[in-house]
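The primary structure of each chain is shown beneath.
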Amino acid sequence: MRWLAHLIAGPTLWALVFSLVYGAHGWACTAQISPEGLGAAGRMMLVSLWVLGLIAFIPLLRIAPTGPHLRHKLPRAATWIGLGATVFTLFPVVAITSC
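Keep in mind that what you see is a predicted model, and the values were worked out from it rather than measured.

Undergrad: Let's hear about helix 4 (residues 70-95): which residues, and what values?
TA: Over its 26 residues, helix 4 extends 37 Å from the first C-alpha to the last, a length consistent with the 38 Å expected when each residue adds 1.5 Å. At Thr89, helix 4 shows its maximal bend, which comes to roughly 30°, and the proline Pro92 appears one to four places after that position. For helix 4, every residue scored as buried is listed here: His72, Pro75, Ala78, Thr79, Gly82, Leu83, Thr86, Leu90, Val93 and Val94. For helix 4, the secondary structure elements touched by its buried residues are helix 1 (2-31), helix 2 (40-55) and helix 3 (57-63).

Here it is as structure tokens:
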């Protein structure tokens, strides 16, 4: 059961960060109606959530099993996949100013 928890931890954390950043983006866009897009406060909130999400992967990588067998490599690979997905799917959201 612990192996399964390690296996799904990375993608689950990606889904959590993804939902938080997109939800915050929608909230910031509705709270600040302006033609130029997100203001400084909204952008800072998105970047902060994104960076905190990236930092949250550090403990997952530290506790992921290590070893030569496939059962050790899969959870670590899934965590790296979650980290990569967090970087590449959320970078446009925090980089583009439009709503």
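Undergrad: Account for the packing of helix 1 against helix 4, naming residues and giving values.
TA: One can describe the packing of helix 1 onto helix 4 by two numbers: an axis separation of 7 Å at closest approach and a directional angle of 10°. The angle between helix 1 and helix 4 falls in the class roughly parallel. For the pair helix 1 and helix 4, the contacting residues are Trp3, His6, Leu7, Gly10, Pro11, Trp14, Val17, Phe18, Val21, Tyr22 and His25 in the first and Arg71, Leu74, Pro75, Ala78, Thr79, Gly82, Ala85, Thr86, Thr89, Leu90, Val93 and Val94 in the second. Among the residues making up the contact of helix 1 with helix 4, the classes are represented as 15 nonpolar, 7 polar and 1 charged.

Undergrad: Tell me about helix 2, residues and numbers included.
TA: Relative to the 22 Å expected for 16 residues at 1.5 Å per residue, helix 2 spans 22 Å between its end C-alpha atoms, a close match to the ideal helical length. Listed as buried for helix 2 are Gly42, Arg43, Leu46, Trp50 and Gly53. Projected onto a plane normal to the axis of helix 2, the buried residues spread over an arc of 100° and lie on a single side. The exposed set on the far side of helix 2, more than 90 degrees from its buried face, consists of Ala40, Ala41, Met44 and Leu52. The secondary structure elements touched by the buried residues of helix 2 are helix 1, helix 3 and helix 4.

Calculation rules
Residues numbered from 1 in each chain as written. Predicted model: local features only at pLDDT ≥ 70, side-chain atom pairs only at ≥ 80, totals over all residues. Heavy atoms only, no water. Helix = DSSP H or I, 4+ residues; strand = E, 2+ residues; numbered from the N terminus. Expected span 1.5 Å × (residues − 1). Bend = angle between axes of the 7 residues up to and from the residue. Buried < 20%, exposed > 50% of the residue type's maximum accessible area, 1.4 Å probe, protein only. Contact = heavy atoms within 4.5 Å. Axes fitted to C-alpha atoms, helices over the stretch in contact; angles between N-to-C directions. Parallel < 35°, antiparallel > 145°, perpendicular 65-115°, else oblique. Nonpolar A, V, L, I, M, F, W, Y, C, P; charged D, E, K, R; others polar. Arc of directions from axis to C-beta.

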